[in-house]
Amino acid sequence: MNTVPSQHQRVLSGMRPTGKLHLGHYHGVLKNWVQLQHEYDCFFFVADWHALTTEYDNTGIIANSVWDMVIDWLAAGVNPGSAKIFIQSQVPEHAELHLLLSMMTPLGWLERVPTYKDQQEKLKEKDLATYGFLGYPLLQSADILTYKSGLVPVGEDQVVHIELTREIARRFNHLYGREPGFEEKAEAAVKKMGKKNAKLYKELRKKYQEQGEDEALKTARALLESQQNITLSDRERLFGFLEGGGRIILPEPQPLLTKASKMPGLDGQKMSKSYGNTIGLREVPAEVEKKLRTMPTDPARVRKTDPGDPQNCPVWQLHEVYSTDEVKGWAQQGCRSAGIGCIDCKQPIIDEVLKEQAPMRERAEEYTNNQNLVRSIINEGAEQAREVARKTLEEVRQSMGLEYR
Ligand code: TRP
Ligand code: SF4
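Residues numbered from 1 in each chain as written. Chains lettered and ligands numbered in written order. Predicted model: local features only at pLDDT ≥ 70, side-chain atom pairs only at ≥ 80, totals over all residues. Heavy atoms only, no water.

**Some points on the overall build of the chain**
Test applied: The helix and strand labels rest on DSSP assignments: H or I over at least four residues marks a helix, E over at least two residues marks a strand, and numbering proceeds from the N terminus. Buried means the residue's accessible area, taken with a 1.4 Å probe over protein chains only, is under 20% of the maximum for its type, while exposed means over 50%, and partly exposed covers the values in between. Residues are treated as being in contact if the distance between any of their heavy atoms lies within 4.5 Å. Areas reported here follow the Shrake-Rupley algorithm with a probe of radius 1.4 Å; residue values treat only the protein chains shown as occluding. Only four residue types enter the tally: Lys and Arg on the positive side, Asp and Glu on the negative side, with His and both chain ends excluded. In plain terms, the charge of a residue is placed at NZ if it is Lys, CZ if Arg, CG if Asp and CD if Glu.
Helix and strand counts for the chain stand at 18 helices and five strands. Classification of the 405 residues of the chain by burial places 49% in the buried group. Considering only contacts within the chain whose residues lie at least 6 apart along the sequence, 77% involve residues at least 24 apart. When the accessible area of the chain is evaluated, it comes to approximately 20,000 Å², of which 51% is carbon and sulfur surface. Side chains of the chain give 53 positive and 56 negative charges; the mean places of these two sets differ by 3 Å.

**Section: the domain arrangement of the chain**
Keep this limit in mind: The source of the domain bounds is an automatic or database domain assignment. By buried area we mean the combined loss of accessible area, with a 1.4 Å probe, across both parts when two parts are placed together. Here a salt bridge means any side-chain nitrogen of Lys or Arg lying within 4 Å of a carboxyl oxygen belonging to Asp or Glu.
Taken domain by domain, the chain consists of domain 1 (5-177 + 251-261 + 370-399), domain 2 (182-242) and domain 3 (282-367). Of note, the centres of domain 1 and domain 2, computed from C-alpha atoms alone, are 32 Å apart. Each side of the interface is counted separately: domain 1 has five residues, and domain 2 has six residues. Across the domain 1/domain 2 interface, buried area totals approximately 420 Å², and carbon plus sulfur atoms make up 51% of it. Taken together, domain 1 and domain 2 are joined by one salt bridge.

**Here we look at the site of ligand 2**
Here is the rule we go by: Note on definitions. A residue lies near a molecule or strand when any single heavy atom of the residue is within 4 Å of it. Each residue is assigned to one class: nonpolar for Ala, Val, Leu, Ile, Met, Phe, Trp, Tyr, Cys and Pro, charged for Asp, Glu, Lys and Arg, and polar for all the others, Gly among them.
In the neighbourhood of ligand 2, the contacting residues comprise Thr297, Asp298, Arg301, Cys313, Val315, Cys335, Cys342 and Cys345. Tallied by class, residues from the shell around ligand 2 come to five nonpolar, one polar and two charged.

**Details of the site of ligand 1**
Put simply, the test is: Two N or O atoms count as a polar contact when they lie within 3.5 Å, although within protein this holds only if one can serve as hydrogen donor and the other as acceptor, and sequence-adjacent residues are included solely when both atoms are side-chain atoms.
Taken together, the neighbourhood of ligand 1 is formed by Leu12, Ser13, Gly14, Arg16, Phe45, His50, Tyr136, Gln140, Asp143, Ile144, Val152 and Gln158. Here a nitrogen atom of ligand 1 and a side-chain polar atom of Gln140 are 3.0 Å apart. With four residues, helix α8 (residues 136-146) is the largest single contributor of residues to the shell around ligand 1. Among the residues forming the shell around ligand 1, the class breakdown is five nonpolar, five polar and two charged.

**Points about the packing of aromatic side chains**
Stated precisely, the cut-off is as follows: For this analysis, a ring pair means two rings from Phe, Tyr or Trp (six-membered ring only for Trp) whose centres lie within 6.5 Å, classed as stacked if their planes differ by under 30 degrees, edge-to-face if by over 60, and tilted for the remaining angles.
Under the defined criterion, the tally for this structure stands at nine aromatic pairs. For the ring pair Phe133 and Tyr136, a centre distance of 6.0 Å and an interplane angle of 35° mean the geometry is tilted. An identical accessibility class is assigned to Phe133 and Tyr136; each is buried. Ring geometry for Phe182 versus Phe241: centroids 6.2 Å apart, planes at 70°, classification edge-to-face. Placement of the pair is Phe182 in helix α10 (residues 182-192) and Phe241 in helix α13 (residues 232-243), with a sequence separation of 59 residues.

**Overview of the pairing of strand β4 (residues 151-154)**
Definition in use: DSSP calls a pair of strands paired once it identifies at least 2 bridges connecting them.
Alternating positions in β4 separate into two faces, Leu151 and Pro153 on one and Val152 and Val154 on the other, with burial throughout. Where β4 and strand β5 (residues 254-257) come together, four bridges link them in parallel fashion. The partner of Val152 across the bridge, within β5, is Pro255.

**Thoughts on the pattern of salt bridges**
When charged atoms on two side chains of opposite charge get close, those side chains can pair. In total, this model carries 30 salt bridges according to the counting rule given. As a salt-bridge pair, Arg282 and Asp68 come within 3.9 Å of each other at their nearest N and O atoms. Residue Arg282 is located in the loop between β5 and α14 (285-293), and its partner Asp68 is located in helix α3 (residues 60-76); the two are separated by 214 residues in the primary sequence. On the accessibility criterion, Asp68 (24% relative accessible area) is partly exposed. A salt bridge links Glu236 to Arg247, with the nearest nitrogen and oxygen atoms 3.1 Å apart. Here Arg247 lies in the loop between α13 and β5 and Glu236 lies in helix α13, a separation of 11 residues in the sequence. Exposure remark for Glu236: the relative accessible area of 4% places this residue in the buried category. A relative accessible area of 5% places Arg247 in the buried class.

**Describing the pairing of strand β2 (residues 41-46)**
Here is the rule: Seen with its strands pointing away from the viewer, a crossover is right-handed if its path from the first strand over the helix to the second goes clockwise.
Most of β2 sits out of view: five of its six residues are buried. For the crossover that starts at strand β1 (residues 10-15), traverses helix α1 (residues 23-39) and ends in the parallel β2, the hand is right-handed.

**As for the packing of helix α4 (residues 93-102) against helix α18 (residues 371-400)**
Convention followed: Lines fitted to the C-alpha atoms define the axes, with helices restricted to the stretch that makes contact. Angles between their N-to-C directions range from 0 to 180 degrees. Each angle gets one of four labels, with under 35 degrees taken as roughly parallel, over 145 as roughly antiparallel, 65 to 115 as roughly perpendicular, and the rest as oblique. Each crossing is labelled by how the near helix is turned from the far one, with a counterclockwise turn of less than a right angle marking it left-handed and a clockwise turn marking it right-handed.
Relative to each other, α4 and α18 sit at 25°, their axes nearing to 10 Å. Viewed along their axes, α4 and α18 adopt a mutual orientation that is roughly parallel. Classified by chirality, the crossing of α18 by α4 is left-handed. Contacts between α4 and α18 pair Glu93, Glu96, Leu97 and Leu100 from the former with Arg386, Ala389, Arg390, Leu393, Val396, Arg397 and Met400 from the latter.

**Considering unusual backbone geometry**
We note that Lys148 has phi near 50°; this positive angle belongs to a residue other than glycine. Locating Lys148 in the fold gives a position in the loop between α8 and β4. Taking relative accessible area as the criterion, Lys148 reaches 6% and is therefore assigned buried. For Ala338, which is not a glycine, the phi torsion comes out positive at approximately 55°.

Structure (structure tokens):
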């Protein structure tokens, strides 16, 4: 498995700054982040270097979107008191790890990532036959491994990137975790645990390696977790030694799959900037109301007296997101019997969307009126992130033999 349990408590995710966020982002991603921040040690970052891979000829949009996006996150309830919020380019360790990993990443691994060809096809108007674009999944691997994150909340489409990250981590550990004298160092580390624990570790290791007992592996890991007296490197050796490999310097992450967001846009397709069917996260109420009032309905309802079918209506999909069973029953019945008009039908949705946005708008206002506060949140986030990132890179350099002291 090649993992280190304590890292499972660390969650990392990023988002590209390419425009204002909408309710699709809220329902699909941010609501989940807000939940996670209470359960895990969360790192959320603005992926400005990732945005460059497709917007290198239009960098203005990145700079403008960064601050809006951070305010959108804060508005949605991401709390800088529990999660670390930062900008990727302010933690240069991401770039260093990306470079180091690039040396041992086979080209084929990157060429075979399905999003590579897909995105090139999709964004035909852009020249994406670049070095940076090919390497972007590796940059994502570097993002994740810089924090030794155990869990990465992503959508279905990004799972292949996590899989790539796992392969990269495995390759790295295989190449550089096999330091000279590994066995001897591991044996010495076992002794440092004290007589009783050392004996227990050896027994559990044997049980796992000879009888494949998963329980023994679990117990042994818990034992290692609880050791106060051993160094980080020794701990990594002992985790690796337990499973019969080398030192685990970069643990393999797991995807934390977010359910595909069903957030429909104003036309019934998935809400997305490219379809022009969005409601902004903190769009002004009058505009939200207008958008919903004018959104299309079942084309069969030309007049109010024509009955309709909610299955043919994008408004119904919004009821599925926002309405109680009672309201949904009322809409179904009223639509099919032509008992209600479409504007009547939309009103409860308008109310719910505005209610959802009210606290976000309020929080956002506090931050838009106080840019210094936002900047200090980001500065502090970068400090916290760098503290972890620096440690990882020291270890990475050391294991590669790049420490010249
Ligand atoms: N590639 C992700 C996207 O396009 C964003 C991202 C960059 C990311 N680095 C990450 C997500 C690390 C999770 C973890 O949506
Ligand atoms: Fe759509 Fe409601 Fe109008 Fe029926 S009554 S067509 S569900 S908006």
